[in-house]
Amino acid sequence: MQSNKAPQFTSILLPQGCEMPIVHCPICGQSQYSAEYMDFTPCDHTAFIFVGTADEFAYQTEEFEKNRRSHF
């Protein structure tokens, strides 16, 4: 199997009223969200987490923020 070096992203859509699923990094398996503490805990493989219902970034790396600002 060949490793993919290009950035990847996933979108998780939930019906209104559903609980947030436990999302894990596909590379290292670390949980990205703690429902118990209602906190995002991204690993080193995560560039950003965008929360659509709040219409804002819950987490983003400095590099991602810099690239995002240069394009908009």
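Residues numbered from 1 in each chain as written. Predicted model: local features only at pLDDT ≥ 70, side-chain atom pairs only at ≥ 80, totals over all residues. Heavy atoms only, no water.

Section: the pattern of salt bridges
Scanning the entire structure with this criterion turns up 2 salt bridges. Measuring nitrogen to oxygen at the nearest pair gives 3.0 Å for the salt bridge that ties Glu65 to Arg68. Residue Glu65 and its partner Arg68 are located together in helix α1 (residues 62-71), separated by 3 residues, close to a single helical turn. For Arg68, a relative accessible area of 26% translates into the label partly exposed. The closest approach of N and O atoms between Arg69 and Glu65, which form a salt bridge, is 1.9 Å. You can see Arg69 and its partner Glu65 sitting in helix α1, 4 residues apart, about one turn around the helix. Of the residues examined, Glu65 reaches a relative accessible area of 15% and is grouped as buried. Each of Glu65, Arg68 and Arg69 takes part in one network of salt bridges that share partners. (Salt bridge = Lys/Arg side-chain N within 4 Å of Asp/Glu carboxyl O. Helix = DSSP H or I, 4+ residues; strand = E, 2+ residues; numbered from the N terminus. Buried < 20%, exposed > 50% of the residue type's maximum accessible area, 1.4 Å probe, protein only.)

Focus on the packing of aromatic side chains
Geometry of an aromatic ring pair is reported as the spacing of the ring centres plus the angle between the planes. One pass over the full model with this rule turns up 4 aromatic pairs. Between Phe48 and Phe57 the ring centres are 5.9 Å apart and the planes differ by 75 degrees, which places this aromatic pair in the edge-to-face class. In this structure Phe48 comes out as partly exposed when scored by relative accessible area, which is 34%. On the basis of relative accessibility, which here comes to 26%, the residue Phe57 falls in the partly exposed class. Between Phe48 and Phe64, the aromatic rings sit 4.4 Å apart at their centres with planes inclined by 20 degrees, giving stacked as the arrangement. Of this pair, Phe48 sits in strand β3 (residues 48-51) while Phe64 is found in helix α1, placing the two residues 16 residues apart along the sequence. (Phe/Tyr/Trp six-rings, centres within 6.5 Å; stacked < 30°, edge-to-face > 60°.)

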